[in-house]
Amino acid sequence: MQPSVAALTDRGRKRSGNEDALLALPDTGLFIVADGLGGHAAGEVASGIAVEVIGAKLAGIAGALPAPALEAPLRSAMIAAHHAIRARAAHEPEKTGMATTLTALAIADDGHAFRIGHVGDSRAYLLRDGRLRQLTTDHTWVQQQIESGLLSPARARTHPNAGVLTRALGIADGDPKIDIIPGRIEPGDLLLLCSDGLTGPVADADIRAILDRDLPLDALAAQLVDAANLRGGPDNITVILIRAAP
Ligand code: CA
């Protein structure tokens, strides 16, 4: 049984373009959110390359292998995307420094176990029994401050440096360090992948309150985007919702 899925990306209210990219393949169980960075429209090039490279490398692997066997392909696909972004930037100097966050969820052959590959500050959440849990850890300066006890999570969300990344695909020579997060999706669970255009303006408690509503997934995705836009829509907003098959 396939999961039910809703995916939506929105420019927001302040940006002239949309540098987020998404991929949602319910048939194969592959879902990606990427949030590009870089001037002169380079951000959307970086996020686009990443989604294309990783989508191509993992199509036919997600949904076909047991979860532990997904880890190496997930990591190598993200490393390949990193080098593809750098290769493109090397040929187009105005795109120097372009980069992207990347959060990719691959569901295993049993339809329940999954692995998430993660770099940057896009996020994956799991809503289970009314409780919303963040599965990913942001690779940001403010997250480092939280872990050092110098900043509270509540203040970090609205901190002026909230957008400063410590890791992204396309930044720096060599292979990027990638988090691989294991998990399972059970009947009744709801997974959310999103960019910081949602989690910057909308607090976790407000996200949870929306996801608790008894509405079709498409309506929930639209309400998340609306919530970010009602709070000013300062950035591009991308959400993917995945509900396990019963
Ligand atoms: Ca963003």
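Residues numbered from 1 in each chain as written. Predicted model: local features only at pLDDT ≥ 70, side-chain atom pairs only at ≥ 80, totals over all residues. Heavy atoms only, no water.

What follows deals with the overall build of the protein chain. Across its full length, the protein chain holds 7 helices and 11 strands. Relative to the compact-globule value of 18 Å for 246 residues, the protein chain shows a C-alpha radius of gyration of 17 Å, a close match. Projected onto the principal axes, the alpha-carbon positions of the protein chain cover approximately 50 × 40 × 35 Å. Counting every position in the protein chain, which comprises 246 residues, the buried fraction comes to 51%. Look at the contacts in the protein chain between residues 6 or more apart in sequence, and 69% of them connect residues 24 or more apart. (Helix = DSSP H or I, 4+ residues; strand = E, 2+ residues; numbered from the N terminus. Rg over C-alpha atoms; globule rule 2.2 N^0.38 Å. Buried < 20%, exposed > 50% of the residue type's maximum accessible area, 1.4 Å probe, protein only. Contact = heavy atoms within 4.5 Å.)

Another point: the nonpolar core. Counting 34 residues, the largest nonpolar core has Leu 30, Ile 32, Ile 54, Ile 85, Met 98 and Leu 102 as its most contacted members. If you list the elements that add at least two residues to this core, you get β2 (20-25), β3 (30-37), α1 (42-58), α2 (67-91), β5 (102-107) and β6 (113-119). Excluding residues within four positions of it along the chain, Leu 30 makes contact with Leu 23, Ala 24, Leu 25, Ile 54, Gly 55, Leu 58, Ala 59, Ala 62, Leu 105 and Ala 106. Leu 132, Leu 190, Val 202 and Ile 210 belong to the second-largest nonpolar core, a separate cluster that totals 22 residues. (Core = buried A, V, L, I, M, F, W, Y, C linked by side-chain atoms within 4.5 Å.)

In this section: helix α7 (residues 217-230). Taking 1.5 Å of rise per residue, the 14 residues of α7 would be expected to cover 20 Å, and the 20 Å separating its terminal C-alpha atoms lies within 8% of that figure. Burial in α7 covers these residues: Leu 217, Leu 220, Ala 221, Leu 224, Val 225, Ala 227, Ala 228 and Asn 229. Tucked inside the fold, the buried residues of α7 contact β1 (4-10), β10 (190-194), α5 (196-199), α6 (204-211) and β11 (237-243). Looking at the residues trailing α7, positive phi occurs at Gly 232, about 105 degrees. (Expected span 1.5 Å × (residues − 1).)

Turning to the coordination of the calcium ion, a few remarks are in order. Surrounding the calcium ion are the protein donor atoms Asp 35 (OD), Asp 35 (OD), Asp 196 (OD) and Asp 235 (OD), which sit 2.2 to 3.0 Å from the metal. We note that the donor set of the calcium ion lies within a single chain, spaced as D-x160-D-x38-D. Placement of the pair is Asp 35 in strand β3 and Asp 235 in the loop between α7 and β11, with a sequence separation of 200 residues. With a relative accessible area of 6%, Asp 35 lands in the buried category. (Donors = N, O, S within 2.8 Å, 3.2 Å for Na, K, Ca; no water.)

The geometry of α1 relative to α2 is characterised by a closest axis approach of 9 Å and an angle of 145 degrees between their N-to-C directions. Our pair here, α1 against α2, has a crossing hand that is right-handed. Of the residues in α2, those touching α1 at Val 45, Ala 46, Ile 49, Ala 50, Val 53, Ile 54, Lys 57 and Leu 58 are Pro 73, Leu 74, Ala 77, Met 78, Ala 80, Ala 81, Ala 84, Ile 85 and Arg 88. Partitioned by chemical class, the residues of the contact of α1 with α2 number 15 nonpolar, no polar and 2 charged. (Axes fitted to C-alpha atoms, helices over the stretch in contact; angles between N-to-C directions. Left-handed = near helix turned anticlockwise from the far one by under 90°. Nonpolar A, V, L, I, M, F, W, Y, C, P; charged D, E, K, R; others polar.)

This part covers the pattern of salt bridges. Per the stated rule, a full pass over the model turns up 13 salt bridges. Residues Arg 231 and Asp 206 are paired through a salt bridge, measuring 3.5 Å at the closest nitrogen-oxygen approach. Here the residue Arg 231 occupies a position in the loop between α7 and β11, and Asp 206 occupies one in helix α6, the gap between them amounting to 25 residues. Given a relative accessible area of 41%, Arg 231 falls into the partly exposed group. (Salt bridge = Lys/Arg side-chain N within 4 Å of Asp/Glu carboxyl O.)

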